[in-house]
Amino acid sequence: MKLLCIDYGLARTGLAATDAGGRMAFPRTTLHLDRLGSRKALLAALMEIIAAEQPGALVVGLPLHRDGAESLTTRQVRNFTERLKRRTELPIYFMPEFLSSEEAAADLEEAGMSRARRREVLDQQAAVRILESFLAEPGERRMRA
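Each residue is numbered by its place in its chain's sequence as written, counting from 1. Where local features are concerned, this predicted model is filtered to residues with pLDDT of at least 70; where side-chain atom pairs are given and counted, the filter is 80 or more; whole-chain, interface and lining totals use all residues. Here the side-chain values reflect all heavy atoms present in the structure, with hydrogen atoms and water set aside.

Novice: Now, about the overall build of the protein chain: what can you tell me, with residues and values included?
Specialist: Each helix corresponds to a stretch of at least 4 residues labelled H or I by DSSP, and each strand to a stretch of at least 2 residues labelled E; elements are numbered beginning at the N terminus. Scanning the protein chain for helices and strands turns up 5 helices and 6 strands. The cut-offs for exposure are 20% and 50% of the maximum accessible area for each residue type, with area from a 1.4 Å probe on protein chains only; residues under the lower value are buried, those over the upper are exposed, and the others partly exposed. Burial status across the protein chain gives 45% buried among its 145 residues. A total of about 7900 Å² of accessible surface is found on the protein chain, and carbon and sulfur atoms cover 49% of it. Accessible areas in this description were obtained via Shrake-Rupley with a 1.4 Å probe; residue shielding takes into account the shown protein chains only.

Novice: Talk me through helix α2 (residues 39-53); I want residue IDs and the actual numbers.
Specialist: Under the 1.5 Å per step criterion, the end-to-end length of α2 is 21 Å for 15 residues, consistent within 8% with the ideal 21 Å. For α2, the complete set of buried residues consists of Leu-42, Leu-43, Ala-45, Leu-46, Ile-49, Ile-50 and Glu-53. With its buried residues spanning 160° around the axis, α2 presents them on a single face. In α2, the exposed positions that point more than 90 degrees away from the buried face belong to Lys-40, Glu-48, Ala-51 and Ala-52. Note on definitions: a residue-residue contact is assigned when non-hydrogen atoms from the two residues lie within 4.5 Å. Of the surrounding secondary structure, the elements contacted by the buried residues of α2 are β1 (3-7), β2 (12-18), β3 (25-32), α1 (33-36), β4 (57-63) and α3 (72-85). With its phi angle positive at about 55°, Gln-54 sits one or two positions after the end of α2. To estimate how far a helix should reach, multiply one less than its number of residues by 1.5 Å. The directions considered for the arc run from the helix axis to the C-beta atoms.

Novice: Kindly report on the nonpolar core, identifying the contributing residues and their values.
Specialist: Throughout this description, the term nonpolar core refers to a set of buried Ala, Val, Leu, Ile, Met, Phe, Trp, Tyr and Cys residues connected via side-chain atoms within 4.5 Å. Ranked by size, the top nonpolar core spans 22 residues in total, and within it Ile-6, Leu-31, Leu-46, Phe-80 and Leu-84 carry the most contacts. Counting only elements with at least two residues in this core, the list comes to β1, β2, α2, β4, α3 and β5 (92-97). At 6 residues, α2 tops the list of elements feeding residues into this core. If near-sequence neighbours (up to four positions away) are discounted, Leu-84 is found in contact with Ile-6, Leu-43, Leu-46, Met-47, Ile-50, Leu-58 and Ile-92. Core analysis: the next-biggest nonpolar cluster, separate from the first, contains 13 residues, Ala-25, Ala-127, Ile-130 and Leu-131 among them.

Novice: Describe in detail the packing of aromatic side chains, supporting the description with residues and values.
Specialist: The rule is short: rings of Phe, Tyr and Trp, with Trp giving its six-membered ring, pair when the centres are within 6.5 Å, and they are stacked under 30 degrees, edge-to-face over 60, tilted in between. Counted according to the given criterion, the structure contains 2 aromatic pairs. A centroid spacing of 4.2 Å and a plane angle of 15° characterise the contact between Tyr-8 and Phe-80, whose relative ring orientation is stacked. With a gap of 72 residues between them, Tyr-8 in the loop between β1 and β2 and Phe-80 in helix α3 connect regions that are remote in the sequence. For the pair shown, Tyr-8 and Phe-80 are each scored as buried. Across the ring face of Phe-134, the terminal group of Arg-142 is positioned such that the distance to the ring centre comes to 4.2 Å. Here, a charge over a ring means that NZ of Lys or CZ of Arg falls within 6 Å of the ring centre while also lying within 35 degrees of the ring normal.

Novice: Residues and numbers for unusual backbone geometry, please.
Specialist: With phi around 55°, Gln-54 is a residue other than glycine that occupies positive phi space. Counting through the fold element by element, Gln-54 comes out in the loop between α2 and β4. The exposure class assigned to Gln-54 is exposed, which follows from its relative accessible area of 63%.

Novice: Pulling in residues and values, what's your account of the sheet that holds β5?
Specialist: When DSSP finds two or more bridges between two strands, those strands count as paired. Overall, mixed pairing links the 6 strands, which are arranged β3-β2-β1-β4-β5-β6 in an open sheet. The two strands at the open ends of the sheet, each matched to only one other strand, are β3 and β6 (143-144). Strand direction decides the pairing type here: β1 and β2, joined by 4 bridges, are antiparallel. Bridge pairing links Ile-6 to Leu-15 in β2. Whenever a helix is involved, its axis is fitted only over the stretch in contact; in every case the axis is a line through C-alpha atoms, and angles between N-to-C directions fall within 0 to 180 degrees. The strands that α3 touches are β1, β4 and β5; relative to β4, the one it contacts most, it runs at about 160°.

And the structure:
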């Protein structure tokens, strides 16, 4: 089953998707809130991408502290996910994440990307990292939103 991963952020939201068989993760795009103008427009753009990608489920990165504690950002992601649930019937899963952006930045630097290009695709690569973690997670341990 194809999956679409969302790395939600207050300024940028990175997206990644799997192949049709749900085996490999690929970067898709970054949605910029300042370019879209509002959270409502962000959700509308996301729904257009969901319609085009036709995933069987969505995975949302859930930022937690290393000890598993939630933060303000965690609550913002949960609120975003609740708004998303009202717009789609697709199953939505949370994937706990720690330092996905930092790991993604290291991936991109190691690949030899320029600093400007890294900034452009960082959030997509973070979504790839989250999605790869989700794919490695046994099915019974996957957390429904």
